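Observations on the model geometry
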Amino acid sequence: MEREGFKIRMKRGPIFSGSSVVEEHVISEAGQVTQLPVAQPSQTLAPTPPPVPAAPAAVISAENTKEIKAPMVGTFYRAPAPDAPPYVDIGAQVNEDTVVCIIEAMKVMNEIKAEIKGTIVQVLVENGKPVEFGQPLFRVRPA
Amino acid sequence: MFEKILIANRGEIAVRIIRACKELNIKTVAVYSEADVNSMHVQLADEAICIGPGPSTESYLKIERIISAAEITDVDAIHPGYGFLSENPHFADVCESCNIRFIGPSSRAMNALENKAVSRALAKKVGVPTPPGSEGIVETQEEALMTAKRIGYPVLIKAVAGGGGRGMRVAHNDISLMKGYVAARTEAEKSFGNSGVYIEKFIENSHHIEFQILGDNRGNIIHLGERDCSIQRRNQKVIEETPSPLIEYKFKDLRKKMGKAAIRLAEAAHYTNAGTVEFLVDEKGNFYFLEVNKRIQVEHPITEEVTGIDLVQQQILIAMGEPLRISQGNVQFRGHAIECRINAEDPFDDFRPCPSRIEMYYPPGGRGIRLDSHIYSGYSVPPYYDSMIGKLIAYGKDRREAIDRMSRALGEFILTGIKTTIPFEQAIMQDPNFRRGVYSTNFIDQLLGGARREMIEDLA
């Protein structure tokens, strides 16, 4: 966008800062940069995922629970396809071989197994969000 | 202009690259292993992605995780630093096929200089002198013996896929050659995944002198002068300086000759981005091509100080498709720069690596002092990676001033809780032969033999 004497550049908001603010830089004629924060709806990186039940607001006791962690870097998906039901939900019983989610990396959909026997008590990542190695994905109460 | 770059490295070079990006107003993404969660490059980058546990093979060398990290943060380019994946043509290809620019030479150039034997053959083809040696890979012990007979002992058995000073053995006679040949092939297979070896004449009292080159994507290549890296311990560089005292005091015309040879070879390989052409120079001023390092190098800061050119920024600009805005005639050399690699090693215990927690850290400062490092008070040096914790660079209007400044800086550098090579480097700064600029690649061996050891302990 350009106006008389000013130039405005739109930038993507940073993913991991948790903010949904897109920064704008206004460069004045004198060449000074002033920042004007502008509230905008945050942009999703992946194709818009269908609504999935969010993690319940109730406090989950961390006692006697173990985490399923991401074994790779990529994008976290709760279901095998955009219109399919999620692999697991809160209360689901899993064993070592149960597929709990997909992490997409370089266009390959990798099925992630629970590798633990128990009950899902919390989903820790929102559908469609990027995850790093070792990031906790689910909390499980071991059987 | 790139908007965002991922740095596929760690430690001091990751900090260096992040600094270059910040000055160019480019956003940065750091990748890190679980062992590096408290590392400075993670703190300085705009975003950071964990890519695996401590060991490099599980993290910094995991191509798919690095590319994944690049995709989810939507970067324009990846800077590979040095070591790790920086000279891996497969990695460069994967980046390009994922529409991510690789900041370094094209895979075509990397393949033209794919290993030491191939590079040697290319050098010969374009009339760049190489050490007398085998035509290519030596397949049998008999061939090794015949080569040695032709060129004369002592000889060096070198792994074709070796690099960074590794994979070389000297043989002084037929018996040591036969034994060494077999051992070298086994070691090469284990260390580099390629058992190929070739043979070169071992040049005694040699000087390791390398030339920095920069090439854009349109075929323009320039050199930015030499770096003398003869001060090595077990083929690992300890101290580097520019200009080379050998060239400056004895063979002044070598700079032009060797610079031209370096460019000729780079052109033959269609080289792009930053690289270094390594040579050995003997006491008579004959120079011989060794290999090309197809990446930014550890010791690049000394070239930056005497030329005023930011090499990492140049790498980024070239990768963006910018033509080189510096011509060979515009390159100016001013003053003298020396670098000391500061390693977490105990010089009094055979340089045993000492990864530990740094208690107190007071870095040197003042005029003409630059410190490229990622460490801080309270930082625990992880055991998984090489022991270099920083590079201390001193610049002066001449060699004498640079040495005096380096000596002052080493003296005020405080690091407790950890053993470092600082006292060792201080001893070198005080050494009369070093100060006269008279040294070759056997300098440290001589320094560490016998009577000189007291000098090091005194200065500790």
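Residues numbered from 1 in each chain as written. Chains lettered and ligands numbered in written order. Predicted model: local features only at pLDDT ≥ 70, side-chain atom pairs only at ≥ 80, totals over all residues.

1. What about the interface of chain A and chain B?
Contacts between the two partners involve 14 residues from chain A, matched on the other side by 17 residues from chain B. Partitioned by chemical class, the residues of the side of chain A that touches chain B number ten nonpolar, three polar and one charged. (Contact = placed C-beta atoms within 7 Å. Nonpolar A, V, L, I, M, F, W, Y, C, P; charged D, E, K, R; others polar.)

2. Section: unusual backbone geometry
Residue and element names in this part refer to chain B. The omega torsion of the bond from Tyr153 to Pro154 falls at -5°, within 30 degrees of zero and hence cis. Tracing the sequence through the fold places Pro154 in the loop between helix H7 (141–151) and strand S6 (155–159). A cis amide bond, omega -5°, links Thr242 with the succeeding residue Pro243. Positive phi, normally seen in glycine, also occurs at Asn25, with a value near 65°. Examined against the element boundaries, Asn25 turns out to sit in the loop between helix H1 (11–23) and strand S2 (27–33). In this structure, His270 takes a positive phi of about 50° despite not being glycine. If you trace the backbone, His270 turns up in the loop between helix H10 (254–268) and strand S12 (273–281). Taking the number of C-beta atoms within 10 Å as the measure of exposure, His270 has 15 and is therefore partly exposed. (Helix = DSSP H or I, 4+ residues; strand = E, 2+ residues; numbered from the N terminus. Buried ≥ 20, exposed ≤ 12 C-beta atoms within 10 Å, placed from the backbone.)

3. What to know about the sheet that holds strand S10 (residues 118–123) of chain A
All names here are of chain A. Read across the sheet, four strands follow the order S5-S12-S10-S7 without closing on themselves; strand pairing throughout is antiparallel. On the outer flanks of this sheet lie strand S5 (66–69) and strand S7 (93–94), each paired with one strand and no other. With four bridges joining them, S5 and strand S12 (residues 136–142) adopt antiparallel strand pairing. The residue bridging Glu67 from the neighbouring strand is Arg139, located in S12. (Pairing = 2+ DSSP bridges.)

4. Some thoughts on the domain arrangement of chain B
Here chain B is partitioned into domain 1 (4–103), domain 2 (132–201) and domain 3 (207–459). For domain 1 of chain B versus domain 2 of chain B, the separation of C-alpha centres amounts to 36 Å. (Domains from an automatic or database assignment.)

5. Description of the pairing of strand S3 (residues 47–52) of chain B
Residues and elements named next belong to chain B. Most of S3 sits inside the fold, with six of its six residues counted as buried. Sheet topology note: the S2/S3 ladder contains five bridges and is parallel. Among the inter-strand pairings, Ser33 is bridged to a residue of S3, identified as Gly52.

6. Focus on the environment of Leu122 of chain B
Residues and elements named next belong to chain B. Its place among the elements puts Leu122 in helix H6 (residues 116–125). What makes Leu122 partly exposed here is the crowd of 19 C-beta atoms within 10 Å. Remark: the alpha-carbon pair of Leu122 and Pro154, spanning 32 residues in sequence, is separated by 25 Å. Those residues in contact with Leu122, other than ones at most four positions away along the chain, are Ala112, Leu113, Leu265, Ala268 and Ala269.

7. Considerations on the sheet that holds strand S1 (residues 4–7) of chain B
All names here are of chain B. Strand order across the open sheet formed by five strands is S3-S2-S1-S4-S5, with parallel pairing between neighbours. Looking at which strands have only one partner, the edges of the open sheet turn out to be S3 and strand S5 (101–102). Lying over the sheet, helix H3 (residues 63–72) contacts S1, S2, S3 and strand S4 (77–79), oriented at roughly 155° with respect to S3. (Axes fitted to C-alpha atoms, helices over the stretch in contact; angles between N-to-C directions.)

8. What about the nonpolar core?
Counting 123 residues, the largest nonpolar core has Leu6, Ala69, Ile78, Ile213 and Phe279 of chain B as its most contacted members. In contact with Ala69 of chain B, other than residues within four places in its own chain, are Val73 of chain A together with Leu6, Val29, Val31, Ile49 and Ile51 of chain B. Ranked by size, the runner-up nonpolar core spans 36 residues in total, among them Ala344, Ile389, Phe413 and Phe443 of chain B. (Core = buried A, V, L, I, M, F, W, Y, C linked by C-beta atoms within 7 Å.)

9. Section: H6 of chain B
Residue and element names in this part refer to chain B. Considered for burial, the residues of H6 that qualify are Lys116, Ala117, Ser119, Arg120 and Ala123. An end-on view of H6 places all buried positions within 160° of arc, on one side of the element. Count one or two residues on from H6 and you reach Gly127, which has phi positive near 75°. (Arc of directions from axis to C-beta.)

10. What to know about the packing of helix H13 (residues 399–412) of chain B against helix H14 (residues 422–430) of chain B
All names here are of chain B. Close contact between H13 and H14 brings their axes to 10 Å; oriented N to C, the two are set at 155°. Viewed along their axes, H13 and H14 adopt a mutual orientation that is roughly antiparallel. Taken as a pair, H13 and H14 cross one another with a handedness that is left-handed. On H14, the residues touching Ile403, Met406, Ser407, Leu410 and Gly411 of H13 are Ile422, Glu425, Gln426 and Met429. Split by residue class, the contact of H13 with H14 holds five nonpolar, three polar and one charged. (Parallel < 35°, antiparallel > 145°, perpendicular 65-115°, else oblique. Left-handed = near helix turned anticlockwise from the far one by under 90°.)

11. Some points on the pairing of S10 of chain A
On a regular strand, each side chain points to the face opposite its neighbour's, so the side chains alternate between the two faces of the sheet. In the sheet, S7 of chain A pairs with S10 of chain A via two bridges, with the strands oriented antiparallel. Across the sheet, residue Val94 of chain A finds its bridge partner in S10 of chain A, namely Gly118 of chain A.

12. Comments concerning helix H8 (residues 174–192) of chain B
All names here are of chain B. With 19 residues, H8 should cover 27 Å at 1.5 Å per step; its first-to-last C-alpha distance of 26 Å lies within 8% of that length. Within H8, burial applies to Leu177, Tyr181, Ala184 and Ala188. Residues of H8 that are buried in the fold lie against H7, S6, strand S7 (168–171) and strand S8 (197–201). Phi turns positive, to about 70°, at Gly193, one or two residues after H8. (Expected span 1.5 Å × (residues − 1).)

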